[in-house]
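If you want the building blocks of each chain, they are given just below.
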Amino acid sequence: MIRFEGVTKKYDDSIAVDHLDLEFPDGAITCLVGPSGCGKTTSLRMINRMIELTSGRVTIDGRDIRDQPAAKLRRGIGYVIQHAGLFPHRTVVDNVATVPLLNGWDKRKARARAHEVLELVGLPGNFASRYPAQLSGGQQQRVGVARALAADPPIMLMDEPFSAVDPVVREQLQDEFLKLQGELGKTIVFVTHDIDEAIKLGDQVAVMRVGGRLAQVAQPAALLADPADDFVADFVGRDRGYRALSFADTPSLPLASEPTIELGASVDQARAATSDRWLLVVQDGRPQGWVEPARLTGPIEADSLHRGGTVARVDGPLRASLDAALSSPARRGVLVDHEGRLVGTVRAHEVLTAIEQTDRPRSDDEASGGIRLGKERG
Ligand SMILES: Nc1ncnc2c1ncn2[C@@H]1O[C@H](COP(=O)(O)OP(=O)(O)OP(=O)(O)O)[C@@H](O)[C@H]1O
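What counts and what doesn't
- Each residue is numbered by its place in its chain's sequence as written, counting from 1.
- Side-chain atom pairs in this predicted model are given and counted only at pLDDT of 80 or more, local residue features only at pLDDT of at least 70, and totals for whole chains, interfaces and linings cover all residues.
- Angles shown run from 0 to 180 degrees and are taken between the N-to-C directions of axes, each axis being a line fitted to C-alpha atoms and, for helices, limited to the stretch in contact.
- Numbering of helices and strands starts at the N terminus; helices are DSSP runs of H or I of at least 4 residues and strands are runs of E of at least 2.
- In these notes the angle categories are as follows: under 35 degrees is roughly parallel, over 145 is roughly antiparallel, 65 to 115 is roughly perpendicular, and the rest is oblique.
- Helix crossings get a hand from a simple test, with the near helix turned counterclockwise from the far one by less than a right angle marking a left-handed crossing and a clockwise turn marking a right-handed one.
- What counts as a contact is two residues whose backbone-derived C-beta atoms lie within 7 Å of each other.
- Residues were grouped as follows: Ala, Val, Leu, Ile, Met, Phe, Trp, Tyr, Cys and Pro as nonpolar; Asp, Glu, Lys and Arg as charged; and all remaining residues, including Gly, as polar.
- The pairing criterion is simple: DSSP has to find at least two bridges between the two strands.
- As annotated, the domain borders come from an automatic or database domain assignment.
- Note on burial: count the other C-beta atoms lying within 10 Å of the residue's C-beta; 20 or more is buried, 12 or fewer is exposed, in between is partly exposed, and C-beta positions come from the backbone.

Quick look at the packing of helix H3 (residues 92-102) against helix H5 (residues 137-149)
- The interhelical angle for the contact between H3 and H5, taken along N-to-C directions, is 30°, at an axis separation of 7 Å. Viewed along their axes, H3 and H5 adopt a mutual orientation that is roughly parallel. Crossing angle aside, the handedness with which H3 passes H5 is right-handed. Across the interface between the two elements, Val 92, Asn 95, Val 96, Thr 98 and Val 99 from H3 touch Val 143, Ala 146 and Arg 147 from H5.
- Its residues assigned to classes, the contact of H3 with H5 shows five nonpolar, two polar and one charged.

In structure tokens, the structure reads:
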């Protein structure tokens, strides 16, 4: 457990972090989020003593971080930054082997470990001998994460690690990161200015305000349901009610059975299957997309499908079901089981009725028993 007690950082004429009291539980991701200049990076860097605090105390497992040399402290703390910060003249494998080598491992063992963690972050063998410039932004970030993991530190500090890549890659990196964390269970401090990222990744989210003060720390669902004040409410955004649905499991929705047609079926078969404008196409029971039978000119092929519309897991969050209903050209949201097989369809108003009947996320979780780890993620 990392603990901040009255931690303050002053520069000549300004306060970057002001009496911060905060706990970062073991095995959990704590996101520090807030507007530019609110002291997120300063807080993060005080943990590995890249920045020395002015007053207060930071402890790791009860031990003051100033009780040991900074270099030794840092060996137990991985550090990932925006743009990865890789050494441009070293190959990927040598970049990743850096910390194990510094820790005194022999070269062969360090490289073997580097290959192992590269595999973990989804960069198989042939990437190892490339140079950073020969990788995409997303791949460079993966190398950055691999490098931080190489010495298997219990703590990882991550400073906007995914913010320099495009939104699609970012989402992919976030998903992979959550999966990896599910296996590794590190204690992670994750700085971001993006509240959506904080809510998606954090087991707990600490919102900071300019002046380096803590505005609120809570689990994501509680933060959305019950922001402490106007600043937090504004920061988490006006659509927070909708986003809170990510944490509400789908109660039993009134599912309708949906007529379907197999991919490859003829025009006549499609027209006979429904009198509705839209018909759902499946392959081995798995929804593929919608067609309009009246417009078909030949057998149903993959590229004649209207692919608009998401599918949602029947046991997933309400937000996904609502998305599925709203994005479907047929206005019927497609729900599938854990293997992607069609279970039925639901309409938006039926999801909204279910939402009306759902309890709002509780905001007093912390008070009633500490933070809950390994929450379901929506
Ligand atoms: N070396 C320094 N000297 C003086 N002031 C500094 C120094 N480093 C940071 N600051 C100030 O401390 C405050 C907090 O900076 P910090 O980088 O921690 O913010 P941040 O929340 O990480 O911002 P951003 O999201 O823009 O990176 C800012 O007002 C910044 O200008």
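Next comes the rest of the write-up.
Concerning the sheet that holds strand S10 (residues 213-218)
- The strand order S6-S7-S8-S3-S9-S10 describes an open sheet built from six strands, whose pairing is mixed. Strands at the two margins of the open sheet, each flanked by one partner only, are strand S6 (77-81) and S10. Sheet twist, expressed as the average angle between the axes of neighbouring strands with direction ignored, equals 15°.
- Pairing geometry for strand S9 (residues 204-209) and S10, over five bridges, is antiparallel. For Met 208, the partnering residue across the bridge sits in S10 and is Leu 214.
- Each of strand S3 (29-33), S6, strand S7 (155-159), strand S8 (187-192) and S9 touches helix H1 (residues 40-47); the most contacted strand, S8, lies at about 155° to it.

Digging into the sheet that holds strand S13 (residues 286-291)
- Reading across the sheet, the three strands line up as S11-S12-S13 and stay open at both edges, with mixed pairing between neighbours. What marks the edges here is a single partner per strand, and that holds for strand S11 (260-262) and S13. Neighbour-to-neighbour, the strand axes of the sheet open up by a mean angle of 40°, direction not taken into account.
- In terms of strand pairing, strand S12 (residues 279-283) meets S13 through five bridges, oriented antiparallel. Paired with Leu 280 across the two strands is Trp 290, which belongs to S13.

Some points on the domain arrangement of the chain
- With domains assigned, the chain is organised as domain 1 (2-237) and domain 2 (260-356).
- Inter-centroid distance (C-alpha atoms) of domain 1 to domain 2 is 40 Å.

Focus: the pairing of S9
- Across the six residues of S9, five count as buried, placing the element largely inside the fold.
- Pairing of S3 with S9 involves four bridges; the strand directions are parallel. In the sheet register, Cys 31 faces S9, and the bridge partner there is Val 205.
- Here S9 folds back onto S10, and the loop between the two strands holds three residues, one of which, Gly 211, carries a positive phi near 105°.

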